[in-house]
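Read off the chains here:
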Amino acid sequence: MTVGAVTLAAFVTGLVGSVHCVGMCGGIVASLAWQRGAPTPSIPIRAITATSGIARQMAFNGGRIVTYAALGALAGGVSAAGIAIGGGYILRESLYLAAQLLMILLGVHLSGLLQPLAALERGGARLWKKVQPLAAQLLPVESPPRAFALGTLWGCLPCGMIYSMLLTAMTAGSPAGGAAVMLAFGLGTMPALLLLGSAAESGAAILRKPAVRMAAGALIICLGLFGLMRMPGHDSWSALVSLCRDMAVFRMAP
Amino acid sequence: MNSVAMDGAIAAAAEPCFHCGIAVPAGVRFEVLFDGRSRHLCCAGCAAVATTILEAGLAGYYRDRTAFPEGPAQTVADSLRLLQRYDLAGVRERYVADDDQDGAVALLSLEGLNCAACAWLVERRLLSLDGMREASVNYATHRAQVRWQRDAIPLSDILSAIAQVGVQAYPADAALEDQYRSASRKRALWELFVAAFAMMQVMMYTVPLYLADPGEVTPDLKQLMQWAGFILTLPVLVFSARPIFRNAWHSIAARSFGMDVPVSLAILLGFGASTVALLGGGGEVYFDSITMFVLLLLTARFVDSELRRRRQRSLESLARSLPAAAERLTNYPEDTCAEDVASAALQPGDMVRIATGATVPADGVLIDGVGQCDESLLSGESLPVPKRRGDGVIGGSINLGSPLIARVTRVGASSVMAGIVRASEAALAARPKLEGKANTFAAQLSFATVLLAALACGAWLWADPSRALGITVAILAITCPCALALAIPATTAAAAARMAKAGLIVQRGRLFDALPQVTDVALDKTGTLTSGNMALAGIEAGTLSADQALAIAAALEIGSHHPIARALLSEAERRGLTLPKATQLSIQPDGVAGNIAGGPWTLGRQPVASTGQEEGLPRGAANTAVLLCRNGAPVAKFLLQDELRPDAADSVAALLRRGIGVHLLSGDAPAPVRDCAGQIGITHWQAGMSPEDKCRYVQALQANGGRVLAIGDGVNDGPLLAQANVGIAIHGGADLARTRADAILAGGRLWPVLEAIQIAARARRTIQQNLAWAFAYNLVCLPLAAAGMVTPQFAAIGMSASSLLVIANAARLSSGPR
């Protein structure tokens, strides 16, 4: 499978999977900027308009994506090293298989039926415990650079989606490819987080409906299945096209 | 959120996650402690976030949110509620002063004012409010002065109207503004640094390509260097050039063609085309020109803003002279224990103690103590002003004598200090009419430039496509309307600062237009040519000695604030006389009466006007005689003179030398006026004039083609100052808020008027020079650029050099000989 196709799949995964992320990462920056430990002064000096949070949101998400890309580069580098050492073809194939299986598991996880990735997340939580003091120091977020810094740490949150995407990133086989995959994934999560994160409550509420989450999970499962079907050695699009043609021929055959 | 039923699967399935609200899946166990209870969360991620938030001490996030998370609409509603706190009675007084008509005036700080177009937008928005009378935004200081009909608009409405335009407004606060200004200066320096750094690097990579012989540089090396240029130009575009793009965007949004529009187009076009050439392989790459262009632009603007900042600092030093803390007496007069409070927290009616050498924290009335105050910063009185019980003290003056106790009368926006700050503010904002025209013309020129660039682009695409882009960028870059738009503001600002240094504070822009063309000067007498103080000129005593008579007279006048009383008392003090005790003091129609040592004494003014003749009074500018009588029989006569200002004669002589006619218009009796005119050297004088008479006189002069400068007392001569072409008020202290003059003489001297005329004439010449240069430059360079004889690099240099030249020429005004 070409790197381009994997990237595209990552982007779509981000888009679809971000329904999961909204509540956790969405409006947090704009909201956290408002909160202070001390009581507000009796005479406020400045009035804050609605748009002052946008820069912080953008910076926060930018930081998040930078972390993803860095992790993706790391993953790609690891797999490249592995292949170079002598893993070769077999390593690549099995990585790919594992990535697709994990994608399917992710879809199941997102749909809310089961929590197959919970164990992974708990492992990630141990990593987060180390990151957390740093994050706590950055709160409350008052300026875009601070938001950016917080975003880079936020990218290390224990999140099953990221872990499965990282495995996909490894299949890219090179640090640049890995970074590109995670970058695409991050960009895919952006629209939901920016538009819905700080929007009215009703918008975010839609994403909490079980039906929506089920649909999102199903889509991701399909993506994983697709990936399984397109084993390496075939060009993705042509395989898809020939598959459709075969099905059509099969249908139309008398 | 119930934590009672902890029965695993069933309860947990229905429970929403404490952090993100999604239903917690069955069998999942993530918890966090909040408000003493254990809360459930749906996943490790939410658990991690919630723990982080709570451990950062931001539990308020969970407490205060009503929904998940706030939307923009709610934020705006909150901010409106915050603004409305400014309408509360006690708060409003601090920031809003009432003027002499039924209006209210306030000084606002603006944040987020990115360009002159925004300033214009704010003004327009404010003036569209019902009841708004005046709104002037000073782009240089980021402040707005607003005057509106009292009670017609609450302050919060004004602030939120400005917020609707995208600009933050709050009542002016010097400390906050300092913060904001230093923050924006730091940012500007960073932008400059990034641009400079990038430019040097890009130059380093481009110069070899220029210098190399064709074929000497291999294609991939060339590509590498161009890529380096691209990467180094990116931060310049994204960071340093941001203000330029923002200004252009705002000016387009305000439907006017700002001078940043062609420049932004040049930058974007150049960058875009260079990137395309780089990726597509082939064609000219202009990264060096772009970075240099941005650097030069930013430098010119930085220099301009630095000059403005320095000028503003000198004019603003006044506002910083209020002390931060004051001693408030809590239990006066029972005891004198004092607490330290912030000066800003003082209210009218508070009693404050002012130590020796300390600055008076607020306007007030002296309750106890005798001393002297240095009011030079405020009223221009170079001599310390004696203060007695009942005298007013001005916030910002310095107590030179023994400790004083005063009752606060005015705080906040209605204090004298605030009035002076507003006057200085107006000085900075004063704009001559010509500037409006120049700005319009600059906008038209920007538009024409873009049009011409488009035409030239089309023409060259047809004639020789390879050169089209470079020529278009060159046209957009070289023709800079900024020299045109900068020519006048830079000059008037420098002129205003110079005049302020000389002692004349400009309030309105029409001063710059009218002052150089003045043909006649109309002066008032009392308070203008004379300083308003009386001095003892002579004592004629019979049976008593002069000192004895003076002591008795002073004893009768104790506690009075009348100018005659002051003159007698200060002379008695000067002579070191001990005053006898006077009892049963009473005020008479023409003076005072009292009992001293058992005998009734009166001290009365001998009315000069009724007799119409001077009885043995020496010739002098303004003469009053006061008779001291015992039991009705005159015992001594005191002769008092109104003192002339020390530089009055010289100033008038200098005016006459310039060929300006000088007229003395006074409401006093003929004799003093004649004497005054004689002493000073004025041939045209009129006595016994009412304010209407004075206006008619000035109108007559104007009808004959004259341009009149009127100098008078800002309050009583209001109509006269308004009628004249230029009206200058002599600053008398507490009445600054009511002055509507075009300028204020701050030092109690007349000489600054002369200087101001010379400065205004110089400024006019400078404006003409700058405009001429800007015109000529644009006129010559446009055709050259269109013809393709200008490279983008030279365009950048030429444009910036032109702006810098204009600014430097204007800066010459700030110093140098007249």
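Residues numbered from 1 in each chain as written. Chains lettered and ligands numbered in written order. Predicted model: local features only at pLDDT ≥ 70, side-chain atom pairs only at ≥ 80, totals over all residues. Heavy atoms only, no water.

Our next topic: the overall build of chain A. In terms of regular secondary structure, chain A is built from 10 helices and zero strands. In chain A, the succession of α and β elements from N to C terminus is α-α-α-α-α-α-α-α-α-α. Of all 254 residues assigned to chain A, the portion counted as buried reaches 48%. Counting contacts in chain A only where the partners sit at least 6 residues apart, residues at least 24 apart contribute 81% of the total. Roughly 11700 Å² of accessible area belongs to chain A as shown, and the carbon and sulfur atoms make up 75% of that amount. (Helix = DSSP H or I, 4+ residues; strand = E, 2+ residues; numbered from the N terminus. Buried < 20%, exposed > 50% of the residue type's maximum accessible area, 1.4 Å probe, protein only. Contact = heavy atoms within 4.5 Å. Areas by Shrake-Rupley, 256 points an atom, 1.4 Å probe, with all protein chains shown as cover.)

Residue and element names in this part refer to chain B. Within the secondary structure layout, Pro691 lies in helix H25 (residues 691-703). Judged by relative accessible area, Pro691 falls into the partly exposed class, the value being 44%. It is 8.9 Å that separates the C-alpha atoms of Pro691 and Gly718, two residues lying 27 residues apart in sequence.

Let us look at the pairing of strand E27 (residues 708-713) of chain B. All names here are of chain B. Burial analysis of E27 places five of its six residues in the buried class, which makes it a mostly covered element. The pairing of strand E18 (residues 520-523) with E27 spans four bridges and is parallel. Bridging across to E27, Leu523 finds its partner in Ile711. Bridge count between E27 and strand E28 (residues 726-730): five bridges; the pairing is parallel. Bridge assignment links Asp713 to a residue of E28, and that residue is Ile730. (Pairing = 2+ DSSP bridges.)

For the rest of this paragraph, the subject is the sheet that holds strand E12 (residues 371-374) of chain B. All names here are of chain B. Across the sheet, three strands lie side by side as E13-E12-E15; this open sheet has antiparallel pairing. Where the open sheet ends on each side, the last strands, each with one partner, are strand E13 (385-387) and strand E15 (398-399). Pairing geometry for E12 and E15, over two bridges, is antiparallel. Its bridge partner lying in E15, Asp374 is registered against Ile398.

On to the confidence of the model for chain A, then. Residues and elements named next belong to chain A. In this model, chain A carries a mean pLDDT of 71, and residues with pLDDT of at least 70 account for 66%. The weakest mean pLDDT in chain A belongs to helix H8 (residues 201-206) at 51; the strongest belongs to helix H6 (residues 160-171) at 84. Counting contacts from residues 33-51, a segment whose pLDDT is below 50, to residues more than four positions away or on other chains yields 32 contacts. Scored below 50 in pLDDT, residues 197-203 makes 18 contacts in the model with residues more than four places away or belonging to other chains. (pLDDT = per-residue confidence, 0-100.)

Residue and element names in this part refer to chain B. Mean pLDDT for chain B: 77, with 82% of residues reaching 70 or above. Here helix H22 (residues 608-611) stands out as the least confident element of chain B, with mean pLDDT 36; E18 is the most confident, with 92. Counting contacts from residues 1-13, a segment whose pLDDT is below 50, to residues more than four positions away or on other chains yields 16 contacts. Predicted confidence is poor over residues 66-75, with pLDDT under 50, and the contacts of this stretch with residues over four places away or in other chains come to 25 contacts. Scored by ipTM, the complex comes to 0.71, with pTM at 0.54.

Okay, helix H4 (residues 118-138) of chain A next. In an α-helix, one turn spans 3.6 residues, which is why side chains three or four residues apart end up on the same side. All names here are of chain A. For H4, with 21 residues, the first-to-last C-alpha span of 28 Å sits near the 30 Å given by 1.5 Å per residue. Largest kink in H4: about 45 degrees, centred on Val131, with the proline Pro133 one to four residues after it. Buried within H4 are the following residues: Ala118, Glu121, Gly124, Ala125, Trp128, Val131, Gln132, Ala135, Ala136 and Leu138. (Expected span 1.5 Å × (residues − 1). Bend = angle between axes of the 7 residues up to and from the residue.)

On to the packing of aromatic side chains. Scanning all chains against the criterion turns up nine aromatic pairs over all chains. Joined through ring pairs, the aromatic side chains of Trp227, Phe230, Phe271 and Phe287 of chain B make up one cluster. (Phe/Tyr/Trp six-rings, centres within 6.5 Å; stacked < 30°, edge-to-face > 60°.)

As a further point, take the nonpolar core. Residues and elements named next belong to chain B. With 46 residues, the main nonpolar core has Ile267, Phe293 and Val294 as its most contacted residues. The set of elements that each furnish at least two residues to this core consists of helix H8 (174-211), helix H9 (219-240), helix H11 (260-280), helix H12 (287-316), helix H15 (433-463), helix H16 (465-478), helix H27 (751-786) and helix H28 (792-811). If one sorts the elements of this core by residue count, H12 sits on top with nine residues. Counting residues in hydrophobic clusters, the runner-up holds 42 residues, among them Val673, Ala743, Ala756 and Ile757. (Core = buried A, V, L, I, M, F, W, Y, C linked by side-chain atoms within 4.5 Å.)

Let us now look at helix H9 (residues 210-229) of chain A. Residue and element names in this part refer to chain A. Between its first and last C-alpha, H9 extends 29 Å over 20 residues, near the 28 Å set by a 1.5 Å rise per residue. Within H9 the residues assigned to the buried category are Arg213, Ala216, Gly217, Ile220, Leu223, Gly224 and Gly227. Along the long axis of H9, the arc covered by the buried residues comes to 110 degrees, so they all point the same way. Of the residues in H9, the exposed ones pointing more than 90 degrees away from the buried face are Pro210, Ala211 and Met229. (Arc of directions from axis to C-beta.)

Attention now goes to the pattern of salt bridges. All names here are of chain B. Tallied over the full model, the rule gives 11 salt bridges over all chains. Between Arg574 and Glu571 there is a salt bridge; the shortest N-O distance is 2.8 Å. A residue pair is termed a helical-turn pair when its members lie 3 or 4 positions apart in one helix, as Arg574 and Glu571 do in helix H21 (residues 563-575) at three residues. Since its relative accessible area comes to 12%, Glu571 is described here as buried. Linked by salt bridges that have partners in common, Asp547, Glu571, Arg574 and Arg575 make up one network. (Salt bridge = Lys/Arg side-chain N within 4 Å of Asp/Glu carboxyl O.)

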